[in-house]
Amino acid sequence: MKKTLLALAVVAAGSANAGINLYDANGVKVDLSGAAEVQYREDYNPFNDAELRIDDADLAINTSVAISDQLSAVAGTAFEYEDGDVRNDELWAGFSSDFGTLTFGRQYMISDDSGVGKDYELGSESIDFVQTNGNEVVKYVYDNGTFYFGASHDIKDSGVIVDKNGVTHQDRDTSITDARIGYRVAGLDARVYYYNGDNVAGTSFFNGVVDVEGYNVEAEYGFGAVGLAASFGQVEYKNSFGADKLRANVYQVAADYTIDKTTFAIGYNNYDRRDESGDNYAVYANVTQQLHSNVKVYAEIGDTDVKFSDGKNVRSADFGYVAGMEVKF
């Protein structure tokens, strides 16, 4: 799922998890963050050649202005330019206090953070809520360190949306509501996501807009150098007439182990689609070396049983591999 630096930065009290503080005076804070990630990748599709690709290119600015000791105004804007075109994917404003953060505008929704996979590219079979951003989003997030909750709603959006695959869609009265509730205790982080979308575009398995409804139950547990994660979700896609088109059950399990600045991870994803595609899986393993708090390099391998077609021929998936580097600030 797409997790921008700015989406992760909007927490309580207007504080930002940014790399560079540009200004901090008279109750006004302005922070800048960004990322650049480049990969050499051979994906699972046997009809594709290995490629050197830009996986992530982000630049974000966010600010908070203290109105009182308990209340701040917050705002942010962010840009993506992976494909060579600069696109403003976030532009929002709102309020933040001890009771949570409420924002309005173009932004990523709560469900964009769903998922427990520890893969970079090759754990492909994960739950697909199709669209997790919008132009007319109202979002509320509350987190006291132990209990957290969030909900967002895209209000009858008819603007241009770019999905997670970089494909542009002209939304037609798209309406999305999602939510999350979670709890942390003694190394355990458990949460559940809910998603309901009407007239959502961008599905890969059939044409046209669809209605999407689903949930994902997730749990992560960390003890020492070991991290474990698992999730189970269900999603249903319907056409505009309300006829069932596709149902799927999605399972994910993953684990990692960290030695000093090196992390090893493995994972298995299973996507049980109730159509002719049937039950598909992806299994992966990777290693990450943290060269600096802001710099990492990684390598990943993976395998899947998904079949691919170019319209004429059907082939089994290639063995996948990825090598990449990320620099952020």
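Residues numbered from 1 in each chain as written. Predicted model: local features only at pLDDT ≥ 70, side-chain atom pairs only at ≥ 80, totals over all residues. Heavy atoms only, no water.

1. Section: the side chain of Thr 262
Defined as follows: For the purposes of this entry, the term helix denotes a DSSP run of H or I that reaches at least four residues, the term strand denotes a run of E that reaches at least two, and both are numbered from the N terminus. Only protein chains enter the calculation, and the probe is 1.4 Å; a residue is then buried if its accessible area is under 20% of its type maximum, exposed if over 50%, and partly exposed in between. For this analysis, a polar contact is any N or O atom pair within 3.5 Å, provided that within protein one partner can donate a hydrogen and the other can accept it, and provided that sequence-adjacent residues contribute only side-chain to side-chain pairs. Contact criterion: two residues are considered in contact whenever any of their non-hydrogen atoms come within 4.5 Å of each other.
Summarising the element assignment, Thr 262 is placed in strand β16 (residues 262-273). In this structure Thr 262 comes out as buried when scored by relative accessible area, which is 17%. A distance of 2.5 Å separates a polar atom in the side chain of Thr 262 from a polar atom in the side chain of Gln 289. In this structure, Thr 262 is in contact with Tyr 257, Val 287, Thr 288 and Gln 289, ignoring residues within four places of it in sequence.

2. A word on the nonpolar core
The condition that has to hold: Within this scheme, the nonpolar core is defined by two criteria: the residues are buried Ala, Val, Leu, Ile, Met, Phe, Trp, Tyr or Cys, and they are joined through side-chain atoms within 4.5 Å.
Counting residues in hydrophobic clusters, the biggest one holds 16 residues, and the most contacted among them are Tyr 195, Val 200, Val 212, Val 235, Tyr 237 and Tyr 271. Elements supplying a minimum of two residues to this core: β12 (188-200), β13 (210-223), β14 (226-238) and β15 (244-259). With 10 residues, the next largest nonpolar core counts Ala 254, Tyr 284, Tyr 298 and Phe 308 among its residues.

3. Observations concerning the environment of Asp 173
Of note, Asp 173 is situated in the loop between β10 (168-170) and β11 (174-185). Residues Asp 173 and Val 200, 27 residues apart in the sequence, show an inter-C-alpha distance of 8.8 Å.

4. Here we look at the pattern of salt bridges
Defined as follows: Think of a salt bridge as a Lys or Arg side-chain nitrogen and an Asp or Glu carboxyl oxygen that are within 4 Å of each other.
Counted according to the given criterion, the structure contains 17 salt bridges. With its nearest N and O atoms 3.3 Å apart, the salt bridge here joins Glu 121 to Arg 53. With Glu 121 in the loop between β6 (100-108) and β7 (133-143) and Arg 53 in strand β3 (residues 51-66), the pair connects residues that are 68 residues apart, well separated along the chain. Of the charged contacts, one joins Glu 218 and Arg 191 as a salt bridge, the two residues approaching to 2.8 Å between their closest N and O atoms. Of the two residues, Glu 218 sits in strand β13 while Arg 191 sits in strand β12, which places them 27 residues apart along the sequence. Here Glu 218 and Arg 191 have matching classes, each one buried. A single salt-bridge network, built from bridges that share partners, covers Arg 41, Asp 43, Glu 51, Arg 53, Asp 55 and Glu 121.

5. Brief notes about the packing of aromatic side chains
Just so we agree on the cut-off: Here a pair means two rings of Phe, Tyr or Trp (six-membered ring of Trp) with centres within 6.5 Å. Their orientation is stacked below 30 degrees between planes, edge-to-face above 60, and tilted elsewhere.
Enumeration over the complete set of coordinates arrives at 9 aromatic pairs. Taking the centre distance of 6.4 Å and the plane angle of 65° together, the rings of Tyr 215 and Phe 232 count as edge-to-face. You can see Tyr 215 sitting in strand β13 and its partner Phe 232 sitting in strand β14, a full 17 residues away along the chain. On the basis of relative accessibility, which here comes to 29%, the residue Tyr 215 falls in the partly exposed class.

6. A few points about a nonpolar patch on the surface
To be explicit about the condition: For patch building, the residue pool is restricted to those with more than 30% relative accessible area and no salt bridge; the joining distance is 9 Å between like charges and 5 Å between nonpolar side chains (Val, Leu, Ile, Met, Phe, Trp, Tyr). Surface accessibility follows the Shrake-Rupley procedure with a 1.4 Å probe radius. Residue values consider only the protein chains on display as shielding.
On the surface, Phe 147, Ile 181, Tyr 183, Val 185, Leu 188, Val 192, Val 217, Tyr 221, Phe 223 and Leu 228 cluster together into a nonpolar patch covering about 800 Å² of accessible area. Of all the elements in the fold, those that place two or more residues in the nonpolar patch are β11, β12 and β13. Within the secondary structure, Phe 147 sits in strand β8 (residues 147-157). Residue classification places Phe 147 among the partly exposed residues on the basis of a relative accessible area of 31%.

7. Thoughts on the pairing of strand β1 (residues 20-25)
In plain terms, the rule: Should DSSP find at least two bridges between two strands, the strands are taken to pair.
Here β1 pairs with strand β2 (residues 28-42) via 5 bridges, running antiparallel. Residue pairing in the sheet places Asp 24 in a bridge with Lys 29 of β2. Linkage of β1 to β2, two consecutive antiparallel strands, is achieved through a turn of 2 residues, within which Asn 26 is found at a positive phi near 55°.

8. Examining the side chain of Asn 286
With respect to the helices and strands, Asn 286 occurs in strand β17 (residues 279-292). On the basis of relative accessible area, Asn 286 is assigned to the buried category, the value being 7%. Engagement of the side chain of Asn 286 in a polar contact is seen with the backbone oxygen of Lys 118, the distance being 2.9 Å. A distance of 2.9 Å separates the side chain of Asn 286 from the side chain of Glu 300, its partner in a polar contact. Residues within four places of Asn 286 in sequence aside, it is in contact with Lys 118, Asp 119, Tyr 120, Thr 263, Phe 264, Ala 265, Ala 299 and Glu 300.

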